[in-house]
Amino acid sequence: MSLDRASASSENDNRRARVRILILGAAGRDFHIFNVCFRDDSNYDVVAFTAAQIPGIGSRRYPEALCGPLYPDGIPIFPETDLESIIIRYEVQEVVLAYSDLLHISVMHLASRALACGADFRFIGPARSSISSRRPVISVCAVRTGCGKDAVIRRIAGLLRTRGLRAVVVRHPMPYGDLASQAVQRFAAIEDCDRQRCTIEEREEYEQHIRNGSIVYAGVDYAAILERAEQEADIILWDGGNNDWPFFRANLEIVVLDPHRAGHELLYHPGETNFRRAQVLIVNKIDSAPVEGVARVLANIAAINPAAIVIQARSNIVVDQPELITGKKVLVIEDGPTLTHGEMAYGSGMIAAQKLGAAAIIDPKPNAKGTLIDTFKNFPWVGSALPAMGYSEHQLEDLAATVRATACDTIIVATPVDLGRLMGLPKPYCRVRYDLEEINRPDLAQVVDDFLLSQPRAIKSDR
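Rules of the game
- Residues numbered from 1 in each chain as written.
- Predicted model: local features only at pLDDT ≥ 70, side-chain atom pairs only at ≥ 80, totals over all residues.
- Heavy atoms only, no water.
- Helix = DSSP H or I, 4+ residues; strand = E, 2+ residues; numbered from the N terminus.
- Rg over C-alpha atoms; globule rule 2.2 N^0.38 Å.
- Buried < 20%, exposed > 50% of the residue type's maximum accessible area, 1.4 Å probe, protein only.
- Contact = heavy atoms within 4.5 Å.
- Salt bridge = Lys/Arg side-chain N within 4 Å of Asp/Glu carboxyl O.
- Phe/Tyr/Trp six-rings, centres within 6.5 Å; stacked < 30°, edge-to-face > 60°.
- Patch = residues over 30% accessible without salt bridge, like charges linked within 9 Å, V, L, I, M, F, W, Y side chains within 5 Å.
- Areas by Shrake-Rupley, 256 points an atom, 1.4 Å probe, with all protein chains shown as cover.
- Pairing = 2+ DSSP bridges.
- Axes fitted to C-alpha atoms, helices over the stretch in contact; angles between N-to-C directions.
- Core = buried A, V, L, I, M, F, W, Y, C linked by side-chain atoms within 4.5 Å.
- Disulfide = S-S within 2.5 Å.
- Right-handed = clockwise from strand over helix to strand, strands pointing away.

1. Looking at the overall build of the protein chain
Counting its regular elements, the protein chain contains 18 helices and 21 strands. For 463 residues, the compact-globule estimate of 2.2 N^0.38 gives 23 Å, and the C-alpha radius of gyration of the protein chain, at 23 Å, lies within 12% of that figure. Taken along its principal axes, the extent of the C-alpha atoms in the protein chain is 85 × 55 × 45 Å. The buried share among the 463 residues of the protein chain stands at 59%. Taking all contacts inside the protein chain whose residues are at least 6 apart in sequence as the whole, residues at least 24 apart take part in 78%.

2. With respect to the pattern of salt bridges
Per the counting criterion, the structure on display carries 29 salt bridges. Close ionic contact of Arg 144 with Asp 101 constitutes a salt bridge, the shortest N to O distance being 2.6 Å. Residue Arg 144 is found in the loop between β8 (137-142) and α7 (149-162), and its partner Asp 101 is found in the loop between β5 (94-97) and β6 (102-103); the two are separated by 43 residues along the sequence. Each member of the pair Arg 144 and Asp 101 is classed as buried. When salt bridges with common partners are traced through the structure, they connect Asp 194, Arg 203, Glu 207, Arg 211 and Arg 421 into a single cluster.

3. Digging into the packing of aromatic side chains
For the coordinates displayed, the defined rule picks out 16 aromatic pairs. On the numbers, 5.2 Å between centres and 85° between planes, the contact of Phe 31 with Phe 49 is edge-to-face. Linking Phe 31 in helix α2 (residues 29-38) with Phe 49 in strand β2 (residues 44-51), this pair joins segments that are 18 residues apart in sequence. The pair formed by Phe 31 and Phe 49 is uniform in burial state, with each residue classed as buried.

4. Let's talk about α2
Burial analysis of α2 places nine of its 10 residues in the buried class, which makes it a mostly covered element. Among the residues of α2, those classed as buried are Arg 29, Asp 30, Phe 31, His 32, Ile 33, Phe 34, Asn 35, Cys 37 and Phe 38.

5. So, a nonpolar patch on the surface
A surface patch of nonpolar side chains, amounting to about 250 Å² of accessible area, comprises Leu 103, Ile 105 and Leu 267. With respect to the helices and strands, the residue Leu 267 is situated in the loop between β13 (252-257) and β14 (268-269). Using a relative accessible area of 40% as the deciding quantity, one classes Leu 267 as partly exposed.

6. As for the sheet that holds strand β4 (residues 75-79)
Spatial strand order, β3-β4-β2-β1-β5-β7: six strands in an open sheet with mixed pairing. Bordering the open sheet on either side are β3 (61-62) and β7 (120-122), each of which pairs with just one other strand. Bridge analysis of strand β1 (residues 19-25) against β2 gives seven bridges, and the strand direction is parallel. Residue pairing for β2: Ile 21 is matched across the bridge by Val 46. Contacting β1, β5 and β7, helix α5 (residues 104-116) runs over the sheet at an angle of about 155° to β7.

7. Overview of the environment of Ile 124
Following the sequence through the fold, Ile 124 ends up in the loop between β7 and α6 (126-129). Not counting residues up to four positions away in its chain, the partners in contact with Ile 124 are Ile 33, Cys 37, Phe 38, Val 96, Ser 129 and Trp 245.

8. Observations regarding the nonpolar core
Ile 23, Phe 34, Phe 38, Tyr 62, Ile 156, Phe 248 and Ile 254 are the most contacted members of the largest nonpolar core, which has 132 residues in total. With near-sequence residues (within four places) excluded, Phe 38 lies in contact with Ile 21, Ile 23, Ile 33, Tyr 44, Val 46, Tyr 71, Val 96, Arg 122 and Ile 124.

9. What about the state of the cysteines?
One pass over the structure, following the stated rule, counts zero disulfides. Free of any disulfide, Cys 408 has its nearest cysteine sulfur in Cys 430, 11 Å distant. By relative accessible area, Cys 430 is classed as buried at 0%.

10. Describing the pairing of β1
A regular strand places its side chains so that they alternate between the two faces of the sheet. Of all seven residues making up β1, six are buried, and the element is well covered by its neighbours. For the crossover from β1 across α2 to β2, the handedness is right-handed. Summarising the sheet, β1 and β5 pair through four bridges and their orientation is parallel. Counted as the bridge partner of Ile 21 is Glu 94 from β5.

Structure, rendered in structure tokens:
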């Protein structure tokens, strides 16, 4: 046997001796779990990832450049629908769940599918998968997608700014393009989003922070991201995605609840984990939520996490041109993820239309084009709003075609993205935004001040 063949044979034997892992994900925590827990551990062999929730990410490959020396060929990514065949083909021994915003019963269906094929099923929790920072970390997470985390982050960043501190926002991953080039991303201007060809979903999360004066980091390799962010931050603000927990060890964990979906804080993974871990719980949207919903959320807090500080808050909706709503036939474009896997039938745009007396809200479903047809089919709870779907250029084109085909007087843009700039709109449009207003004490200002006093080290000591 030649030396090369002997070396290859030995390498294959070593790989077969490692525990074979399949990571279930959605282009977020799955990559982070691999990077932190498996990439450099020769006891394990991550044979594949699966992809769910996000369209168009199920046929990629986790690149060699991010994999390390144990994975010279990278790692394949398959659709989650192929779960059973992947387990059998790769002789998977352990299936690791590593994505968010799943009903508890959906988690157990995934577990049952894995167990029925002979594989173990496991989670990797916050203690093992979180990275420590040299800076204090405040995390803002939620119990569901669409609870209003962004307004909380903006509020905290503003409070820190007035206290002379620089907060850098690190966003939960949204790497929907070329993974190697997205390993570490920094956004300080809207042009950075243009240059890095961000999708609508990425822009929804980054642009509002940029416009608010905050630098945003995101990407794939969060150890490298943290190292970069620490160089220009006094405090790290973790901006959670969906209802996932933070990737960094947080000194202060703030979690947002939505009384429009009362009870969901106990029904979804890993939102319930956030709910139980939180030091501060914000009950948001009490100005628009039903009274019984607020009461139920408060009762669940009292039963499950009575030690948490509880802040009740309004989500104040501001419209830049309200005259484009009153008495008009309007098309409402809402934040996409809030309506889709967030399972909301409406958002701030619909609330604005109703409050300001729109003559009619035009249902876009009869005029849906391309992938938007499947969106409405796959998410039947979506009401008369149009989700701002744009995970790819093709999907953005379908969104634009749907808007053009929908007869209306004006358009309400309730996504944080300026769609008029991004794709052009055929009718006059107004933009809707929302800001957080706490209505009880302690409020976030007091929470932030107490947090700053609690830090045993000078925040700016090594800058």
